Structures are given as C-alpha cells and as structure tokens.
Amino acid sequence: MTFEDEVLNRLAPALAWRPDWADVLGRAGELDQRRLQPWARRRRILSLTVLAVVLIPLVVLGAVNEFWLFR
Amino acid sequence: MDQNAVSIRSIDSIYRNRAADFFRLALARTFDPELARAAVQEGFARAIRARTGFRGSESLEAWICRCILSATQDSRIHVVEREFHEADDVAWEMETPDAEVLAAVRRLPARQRDALFLRFYLDFDYLTIAETLGIEVGTVSTTLQAARKNLTRALEEVPR
C-alpha cells in the first residue's frame, strides 16, 4: 500500500454500508406512486365485479327468455 | 418514451453493487458519515427523478456519480439531515481523520481532489473520470499525477 493509499483510507475508511432502497424511492417520490398501485388494482377489480354482477344476470335472463332483446 | 431513458431497475442495480463505494466518495468529501449517507441516498433519488433526461452519451455510473457529488454540496441536505439524525441512535465507528490529512486534502484544487477520489474509491477508468468531471480524457492522467504530487507535498508541509 502506497503512502497516498494510506492517506485516502484514513480519510474515508470502508465503513459498514446500510443499503435502503425504499428510502431512495421515498426521496424520489416513487414510493407513493407504488403505494397507490394496489388501490388502482382494487378499483379495477371492483369495476369488473360490478360489471359482471350486472352483465351475467342480464345474459342469463336473456337466455332464459330466448334472447327476446335481440328479436 | 425516450429510448435512451434509463429504468429504475438499472439504477437499483448500480445502487446494489456500488452504493458502498459511492458512500466512501461522499465520506471523503463531507468527513461526516451521516451526511455522506444522506448524499448517496439523495444522489440516487435525484438520478431516479431525472432519469428521463439521461441521454446515454456517458456511462450511467458517471451520471449517477455527478448526482451524488452535487448532493454532497447541497447545504439543504446538511441542515435537514442534521436535524433528522439528532435523535438517531445509529453510531458510526469511525475515527476522525487526522487534522493534517484533512488539511492536506482541503488544499488540493477541487478537480484534482475529485479525480483522485474517483480513481481511488470507485476505481473509475480514465474515461469515466472524464465523463464525471466533464473534462477531456487526455487531461485525466495529468490531473491525477498533479493531485498525487500536491497531496504528498501538502502532507510534508503540514506542521506536525
């Protein structure tokens, strides 16, 4: 090890680094968006469920009545 | 979307592999482990926020490194982090660098000091050092030689 290496090692020794990617994302404002994503997913599931609840009985009802709507 | 725009995943990959080295670079600049840590975190956050502006004309590491170097100079980080970590119980086991070492490093011209740090702590090649500091590749070798010479001279001049 050269004298210069020794000086730079004393200046900034290799300390234990504690990685925290969530903190980086939080500082970048990305964490909030990611937290919002489950809500968006739930909203989509809810919309599909409501649609299914309305459409399926309509189709069943139509089938039972020999699709009188399309006559 | 811009084809050259960098993904968060690419930045994450560099964070996982190189953050500890960037931390040493920031530590050598700030002489304070908490501030150095904050500068690294903030530097990567800035890189994420500005990722659509990355044009790919330089290496991603050099670009992120510039974000971190900029964060080490941001006085707002210094104020906020000092307040935030007043109650922090995490202690860094680090001896304060000798006064003569600090004095000698502070005496170096900023470009020489940064070139030396990038070479030593990050093991950057000449091209990446040039990209990070915005200088010609041909001048990196001369800058590093001058930095080593000046550091040795400064350490000899410091009264013991």
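About the thresholds
Residues numbered from 1 in each chain as written. Chains lettered and ligands numbered in written order. Predicted model: local features only at pLDDT ≥ 70, side-chain atom pairs only at ≥ 80, totals over all residues. Helix = DSSP H or I, 4+ residues; strand = E, 2+ residues; numbered from the N terminus. Contact = placed C-beta atoms within 7 Å. Nonpolar A, V, L, I, M, F, W, Y, C, P; charged D, E, K, R; others polar. Core = buried A, V, L, I, M, F, W, Y, C linked by C-beta atoms within 7 Å. Buried ≥ 20, exposed ≤ 12 C-beta atoms within 10 Å, placed from the backbone. Domains from an automatic or database assignment. Axes fitted to C-alpha atoms, helices over the stretch in contact; angles between N-to-C directions. Parallel < 35°, antiparallel > 145°, perpendicular 65-115°, else oblique.

A.B. asks: Quick question: what am I supposed to make of the environment of L122 of chain B here?
C.D. replies: All names here are of chain B. With respect to the secondary-structure elements, L122 resides in helix α6 (residues 110-122). Through-space distance from the C-alpha of L122 to that of L25 is 7.4 Å; in sequence the pair is 97 residues apart. In this structure, L122 is in contact with D21 and L25, ignoring residues within four places of it in sequence.

A.B. asks: When you look at the interface of chain B and chain A in this model, what are you seeing that I'm missing?
C.D. replies: Accessible area lost upon the coming together of the parts serves often as the stated size of an interface. Each side of the interface is counted separately: chain B has 29 residues, and chain A has 20 residues. Taken together, the elements giving at least two residues each to the side of chain B that touches chain A come down to α1 (8-30), α2 (33-49), α5 (99-107), α6 and α8 (137-157) of chain B. For the side of chain B that touches chain A, the element with the most residues is α1 of chain B, which contributes ten residues. Within the side of chain B that touches chain A, the residues separate by chemical class into 20 nonpolar, two polar and seven charged.

A.B. asks: Just checking my understanding: could you explain the nonpolar core for this structure?
C.D. replies: What tends to happen in soluble globular proteins is that the nonpolar side chains get buried as a cluster. Counting 48 residues, the largest nonpolar core has F22, A26, A39, V40, F44, I64 and I68 of chain B as the members making the most contacts within it. Residue-level mapping places this core at the junction of two domains, with at least three residues from each of domain 1 (1-93) and domain 2 (95-160) of chain B. The contact partners of F44 of chain B, leaving out residues within four places of it in the chain, are V24 of chain A together with I11, Y15 and I64 of chain B.

A.B. asks: Which parts of the structure should I look at to understand the packing of α6 of chain B against α8 of chain B?
C.D. replies: Between two packed helices, what matters for the description is the angle formed by their axes and the separation of those axes. All names here are of chain B. Viewed as axis vectors pointing N to C, α6 and α8 meet at an angle of 100 degrees, and their least axial separation amounts to 8 Å. The angle between the axes of α6 and α8 places the two elements in the roughly perpendicular class. Residues R111, Q112, R113, A115, L116 and R119 of α6 form the contact with α8, whose participating residues are V140, T143, L144, A146, A147 and N150. Counted by class, the contact of α6 with α8 contains six nonpolar, three polar and three charged residues.

A.B. asks: Would you mind showing me how to read the domain arrangement of chain B here?
C.D. replies: Residue and element names in this part refer to chain B. Per the domain assignment, the segments making up chain B are domain 1 (1-93) and domain 2 (95-160). Elements with a contribution of two residues or more to the side of domain 1 that touches domain 2: α1 and α3 (60-72). If one sorts the elements of the side of domain 1 that touches domain 2 by residue count, α3 sits on top with five residues. Taken together, the residues that form the side of domain 1 that touches domain 2 break down as six nonpolar, one polar and five charged.

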